[in-house]
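# Structure at a glance
Here is how the chains run, residue by residue.
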Amino acid sequence: MASPIEELKTAIRQALPDLDMVIAWTAGPDSLSHTPLFITDAADIERIEWDSRCSQNLAGYLTSLRGKKVGIVAKGCDARTIVELLQEKLIDREDVTIFGLHCQGAVDARKVRTELKVGRGVQGVTIDGGAASFAVNGETQTARLGQVLQEKCFRCTGADAEVCDHFIGEHGQPPQVDDAPVSTLDMLEAMGMEDRLHFWEDQMTKCIRCYACRSACPLCVCQDHCAAQSRDPHWVDQTDHPREKLMFQALHALHTAGRCTECGECERACPMDLPIMTLKQALNRQIKDIFDYQAGTDPDKTPPLFQFREEEEHIKERKW
Ligand code: SF4
Ligand code: SF4
Ligand code: SF4
């Protein structure tokens, strides 16, 4: 039986003549993270890589490629983002061909560097049970999943690309992580409101306002009309104060409320290692609680905050 990567290459080879391009992953300069590969020439198919270093959510490119016939390789969380983009009518289903995979978890390059003292020279990563093995310069180094996976993978709600045109390999369960640390959200929800505010003010002192979190987010679609730049209205000023930085994060969280698929790209992109996905997870918990809705799971559903009713029965039930 062909390996998933060979099966993937075969499926892409067959589909490419009818597509303008296929977006997949390839080896990048950093041996701990694979980078996007835009395939228009069949010769590039051999450059495709697929393992736990394929962290980037490639769905972030789809809106800017609207109007083209695009194939895209997707893990479970990436596929949920594609579904959310479809639900919001930001892309057209007939133009997108999804090559879906089962994902065993994505490694966090920063954690691997710290935990294993490994940087360049990683030739392969395999996940088996609760451990990850890294092939480094002819030797194998292992780590527990709780040490090296991305935060989002500890609470993955589905590792298979549920909505796709070609499912590659075998279906499976999310990674079983026995040693996952307590999530930042759980830690915060055990605190009082004042302490939560202090936590975020402390975090925001580190923010350098690079807006990589915004640029990396596949669902952050205001583009040139971002509130961070707008001077009319003037939402966020340039004062180097945690309050202004938190204002932007609050805006981003509200813009992605009930839309965020918890793909983790905002956190992965943050050069200051700030736990900013937590803000979106907190709102997602509320949306799940109130509307029983999870972003990106049903292409035929309208996201709850895209609907308006004069009488919102569920909100009344909570006596707000
Ligand atoms: S959240 Fe799930 S699908 Fe996404 S990278 Fe982690 S394990 Fe894979
Ligand atoms: S807010 Fe962060 S986790 Fe949510 S969709 Fe955007 S990048 Fe992904
Ligand atoms: S990526 Fe991090 S440092 Fe940059 S603006 Fe976002 S939170 Fe701040």
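Reading the values: rules and limits
- Residues numbered from 1 in each chain as written.
- Chains lettered and ligands numbered in written order.
- Predicted model: local features only at pLDDT ≥ 70, side-chain atom pairs only at ≥ 80, totals over all residues.
- Heavy atoms only, no water.
- Near = heavy atom within 4 Å.
- 1 Å grid on protein atoms, 1.4 Å probe; cavity = no way out; pocket = protein on both sides within 12 Å on 5 of 7 lines; lining within 4 Å.
- Sits in = over half its atoms within 2 Å of the grid points.
- Helix = DSSP H or I, 4+ residues; strand = E, 2+ residues; numbered from the N terminus.
- Nonpolar A, V, L, I, M, F, W, Y, C, P; charged D, E, K, R; others polar.
- Core = buried A, V, L, I, M, F, W, Y, C linked by side-chain atoms within 4.5 Å.
- Buried < 20%, exposed > 50% of the residue type's maximum accessible area, 1.4 Å probe, protein only.
- Contact = heavy atoms within 4.5 Å.
- Points joined across faces, edges and corners; volume = space filled by probe spheres on them.
- Pairing = 2+ DSSP bridges.
- Axes fitted to C-alpha atoms, helices over the stretch in contact; angles between N-to-C directions.

The next subject is the site of ligand 2. Taken together, Cys 217, Pro 218, Leu 219, Cys 260, Thr 261, Glu 262, Cys 263, Gly 264, Glu 265, Cys 266, Met 277 and Lys 280 make up the full set of residues near ligand 2. Because more than half of its atoms lie within 2 Å of the grid, ligand 2 is assigned to the largest cavity. Of all elements in the fold, only helix H10 (265–269) and helix H11 (277–291) reach the threshold of two or more residues within the shell around ligand 2. Its residues assigned to classes, the shell around ligand 2 shows 7 nonpolar, 2 polar and 3 charged.

Glancing now at the nonpolar core. If you look at the biggest cluster of nonpolar residues, it comprises 41 residues, and the most contacted ones within it are Leu 62 and Ile 82. Broken down by element, the residue count for this core peaks at 5 residues, all from strand S1 (residues 21–26). If we skip the residues at most four places from it in the chain, Leu 62 touches Val 70, Ile 72, Ile 82, Leu 85, Ile 91 and Val 96. Grouped together as the second largest cluster of nonpolar side chains are 21 residues, Cys 213, Ala 227, Val 236 and Cys 266 included.

Tallied over the full model, the rule gives 3 cavities of 30 Å³ or more. Quantified by volume, the largest cavity comes out at close to 100 Å³. As for the largest cavity, its lining consists of 13 residues, and the residues nearest its centre are Cys 217, Cys 260, Thr 261, Cys 263 and Cys 266. A class-by-class count of the residues in the lining of the largest cavity yields 6 nonpolar, 4 polar and 3 charged. For the lining of the second largest cavity, a count of residues per class yields 10 nonpolar, 1 polar and 1 charged.

The next point concerns the sheet that holds S1. Pairing in this open sheet of 5 strands is mixed, and the strands run S2-S1-S3-S4-S8 from one edge to the other. A strand with exactly one partner marks an edge of an open sheet, and here the two such strands are strand S2 (35–39) and strand S8 (166–168). Strand after strand, the sheet turns through a mean of 25 degrees between neighbouring axes, direction not considered. Contacts from helix H2 (residues 76–87) reach S1, strand S3 (70–74) and strand S4 (96–101), with the element oriented near 140 degrees to S3.

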